[in-house]
Amino acid sequence: MPKVRTAPDYVLMFTTIVLLMIGLIMVYSASAAWANYRFDDSFFFAKRQLFFAGVGVMAMFFMMRVDYWTWRTWSKVILVVCFILLVIVLIPGVGLVRGGARSWLGVGAFSIQPSEFMKMAMIAFLAKYLSENQKKIISFKKGLMPSLSLVMVAFGMIMLQPDLGTGAVMVGTCVIMIFVAGARLSHFAWLGVAGLVGFVALIASAPYRIKRITSFLDPWSDPLGSGFQIIQSLYAIGPGGLMGMGLGESRQKYFYLPEPQTDFIFAILSEELGFIGGFIVLFLFGILLWRGIRIALGAPDLFGSFLAVGIISMVAIQVMINIGVVTGLMPVTGITLPLLSYGGSSLTLMLVSIGVLLNISRYVR
């Protein structure tokens, strides 16, 4: 390993902290009315988000100081643990059911979502596999299929919860990593066809997914049912205009947009801070993507490069899907906006991932 650079990527660190601060403010603004109604405490969600943000920031700074090769050493163990957790969460009476999905482990309000941690575990393991078998990746049988088979097993277990959004992010991230490693486009073409058939089958197997597709194509066909969320989201974004209605002045958060502090927080942000506020947030994510790509290109070894590609791809895919859903460009799916949306597991995992990215930046040539 090359000699460590004393300073991490401060641009990446500063951008992350700014997005986190914006998220804390918007979680309170978006959730205050609902929290006061449900828990008689307008700060209920904000306090929990602040707690997880504190834990996440400490974890980020800790991971920034841990040699990223540690992930290479322990990637198999971490992956096995995450697979075990995915099995445990499916056990009735053990896994907690929320929003129709058995995706959480824990007691009461404090719980974790194993599928979120599986994303990072799969990224670390795949980075190790690709760095050791890059020459084999051009072979369908010896390189591509072994890596994708493991990814699809994890995807299948996540779908048993079911959690299509998290599974899609994990698969998309791994596909980008494999493509960057040098897999042949012809192989991806055949896999793309197979994936499309499988995706259609997944949609057809669950009536609620079919409703999400039809509501995406025409939300007004069922304005009080499957089209409700996207219609209310657009009602929030539209009045925001250029400058917004003002921080805390959202109307849609008053029981129109369901739980606006999670997947649809960008809609409330756009309503209150307008096009300018939304553009600033997307610009900050653009900086995050730029610094991540720069780190991946400058990493001193293949493992560090693939690890950085996986982390920044995960962030980029989540941002694109979340913004696409909120603006009506994609069907509704349960994907949080990184660093902004309310959620303990997703926020902690994202900050841990960025901490790993910051550690890699200390070795950039």
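Each remark here, short or long, concerns the structure printed above.
The numbering scheme is per chain: residues are counted from 1 as the chain's sequence reads. Note on the predicted model: pLDDT of at least 70 is required for a residue's local features to be given, and 80 or more for side-chain atom pairs to be given and counted; whole-chain, interface and lining totals, by contrast, use all residues. Side-chain measures were taken over the full set of non-hydrogen atoms in the model, leaving aside hydrogen atoms and water.

**Q** Please explain the nonpolar core as it appears in this structure.
**A** Across soluble globular proteins, you tend to see nonpolar side chains buried next to one another. Only buried residues count toward a nonpolar core. Its members are Ala, Val, Leu, Ile, Met, Phe, Trp, Tyr and Cys residues joined through side-chain atoms within 4.5 Å. Here's how the labels work: a residue is buried when its accessible area is under 20% of the maximum for its type, exposed when over 50%, partly exposed in between, all with a 1.4 Å probe on protein chains only. Counting residues in hydrophobic clusters, the biggest one holds 104 residues, and the most contacted among them are Met118, Met170 and Leu307. A helix here means a DSSP run of H or I that spans at least four residues, while a strand means a run of E at least two residues long, and both kinds are numbered starting from the N terminus. Top element by residues in this core is helix α11 (residues 302–326). It accounts for 15 residues. Residues contacting Leu307, with those up to four places away along its chain left out, are Tyr68, Met120, Ile123, Ala124, Ala127, Val356 and Ile360. Any pair of residues with heavy atoms lying within 4.5 Å of one another is described as a contacting pair.

**Q** When you look at empty space enclosed by the protein in this model, what are you seeing that I'm missing?
**A** With a probe scaled to a water molecule rolled over the atoms, the places where space remains empty come into view. A 1.4 Å probe that fits into a set of points on a 1 Å grid over the protein atoms alone but cannot get out defines a cavity; an open set with protein on both sides within 12 Å along at least five of seven lines defines a pocket, and lining residues are those with an atom within 4 Å of a point. Grid points are joined across faces, edges and corners, and a volume is the space filled by probe spheres set on the points. Considering all chains together, one arrives at one cavity of 30 Å³ or more under this definition. If you add up the space inside the largest cavity, you get close to 40 Å³. The wall of the largest cavity is formed by Gln318, Thr336, Leu337, Pro338, Leu339, Ser341, Ser346, Leu347 and Met350. A total of three residues in the lining of the largest cavity trace back to one element, the largest contributor, which is helix α12 (residues 344–361). In the lining of the largest cavity, the residues fall into five nonpolar, four polar and no charged. Here the term charged refers only to Asp, Glu, Lys and Arg, the term nonpolar to Ala, Val, Leu, Ile, Met, Phe, Trp, Tyr, Cys and Pro, and the term polar to all other amino acids, Gly among them.

**Q** Quick question: what am I supposed to make of the environment of Pro114 here?
**A** Take Pro114: it is sitting in helix α4 (residues 114–132). Overall, Pro114 belongs to the buried group, its relative accessible area being 1%. Through-space distance from the C-alpha of Pro114 to that of Val364 is 31 Å; in sequence the pair is 250 residues apart.

**Q** Sorry, what's going on with the pattern of salt bridges here?
**A** Two side chains bearing opposite charge may form a pair once their charged atoms approach each other closely. Any carboxyl oxygen of Asp or Glu that lies within 4 Å of a side-chain nitrogen of Lys or Arg is treated as forming a salt bridge with it. A complete count under the given rule lists seven salt bridges for this structure. Put simply, Lys128 and Glu132 hold a salt bridge, and the shortest N to O gap is 3.2 Å. One end of the pair is Lys128 and the other is Glu132, both in helix α4 and four residues apart, which spans about a single turn. Judged by relative accessible area, Glu132 falls into the partly exposed class, the value being 43%. Overlapping salt bridges bring together Asp9, Arg291 and Arg294 as one network.

**Q** I would appreciate a short explanation of a nonpolar patch on the surface in the present structure.
**A** The grouping of Leu242, Met243, Phe275, Ile276, Phe279, Ile280 and Phe283 at the surface amounts to a nonpolar patch, some 760 Å² of accessible area in total. Tracing the sequence through the fold places Ile276 in helix α10 (residues 265–298). A patch consists of residues whose relative accessible area exceeds 30% and which take part in no salt bridge; residues with like charges are grouped when within 9 Å of each other, and nonpolar side chains (Val, Leu, Ile, Met, Phe, Trp, Tyr) when within 5 Å. Exposure was quantified through the Shrake-Rupley algorithm and a 1.4 Å probe, taking into account, for residues, occlusion by the shown protein chains and nothing else.

**Q** In this structure, what is going on with α10? I would like to understand it.
**A** Turn by turn, an α-helix covers 3.6 residues, leaving residues three or four places apart pointing in a common direction. For a helix, the expected span equals 1.5 Å multiplied by the number of residues minus one. End to end, α10 covers just 34 Å across 34 residues, shorter than the expected 50 Å (1.5 Å per residue, more than 12% under). Two axes enter the definition of the bend at a residue: one is fitted to the seven residues ending there, the other to the seven starting there, and the bend is the angle between them. Along α10, the helix axis deviates most sharply at Gly274, where the bend reaches about 125°.

**Q** What's the story with the environment of Lys119 in this structure? I'm lost.
**A** Along the chain, the position of Lys119 falls in helix α4. For Lys119, a relative accessible area of 3% corresponds to the buried category. For the pair Lys119 and Ser361, spaced 242 residues apart in sequence, the C-alpha separation works out to 21 Å. Those residues in contact with Lys119 that sit more than four places away from it in its chain are Thr166, Val169, Met170, Met314, Gln318 and Leu349. Within the structure, the side chain of Lys119 is placed 2.9 Å from the side chain of Glu116, a separation counted as a polar contact. Identification of polar contacts relies on pairs of N or O atoms within 3.5 Å, with a donor-acceptor requirement for protein atoms, meaning one able to donate a hydrogen and the other able to accept it, and with residues adjacent in sequence counted only if both atoms are side-chain atoms.

**Q** Which parts of the structure should I look at to understand the packing of helix α1 (residues 10–39) against α10?
**A** Geometry of a packed helix pair, given as the angle between the helix axes and the separation of the axes. For the pair α1 and α10, the least separation of the axes is 10 Å and the interaxial angle reads 160°. When the axes of α1 and α10 are compared, the pair comes out roughly antiparallel. α10 is crossed by α1, and the crossing has left-handed handedness. Note on element contacts: α10 touches α1 through Ile265, Ile268, Leu269, Glu272, Leu273, Val281, Leu284, Phe285, Ile287, Leu288, Arg291 and Ile295, opposite Val11, Leu12, Thr15, Thr16, Val18, Leu19, Ile22, Gly23, Met26, Val27, Ser29 and Ala30. Lines fitted to the C-alpha atoms define the axes, with helices restricted to the stretch that makes contact. Angles between their N-to-C directions range from 0 to 180 degrees. Angle categories: roughly parallel below 35 degrees, roughly antiparallel above 145, roughly perpendicular from 65 to 115, and oblique for all the rest. Definitions for this section: a left-handed crossing has its near helix turned counterclockwise from the far helix by less than a right angle. A right-handed crossing has that turn clockwise.

**Q** Explanation requested: unusual backbone geometry in the structure shown.
**A** Note: most peptide bonds trans; most residues except glycine with negative phi. Despite not being glycine, Phe255 has its phi angle at roughly 70°, a positive value. Here Phe255 is to be found in the loop between α9 (228–240) and α10. For Phe255, a relative accessible area of 48% gives the class partly exposed. Here Leu339, not a glycine, exhibits a phi torsion of approximately 70°, which is positive. By secondary structure assignment, the location of Leu339 is in the loop between α11 and α12. Overall, Leu339 belongs to the buried group, its relative accessible area being 3%.

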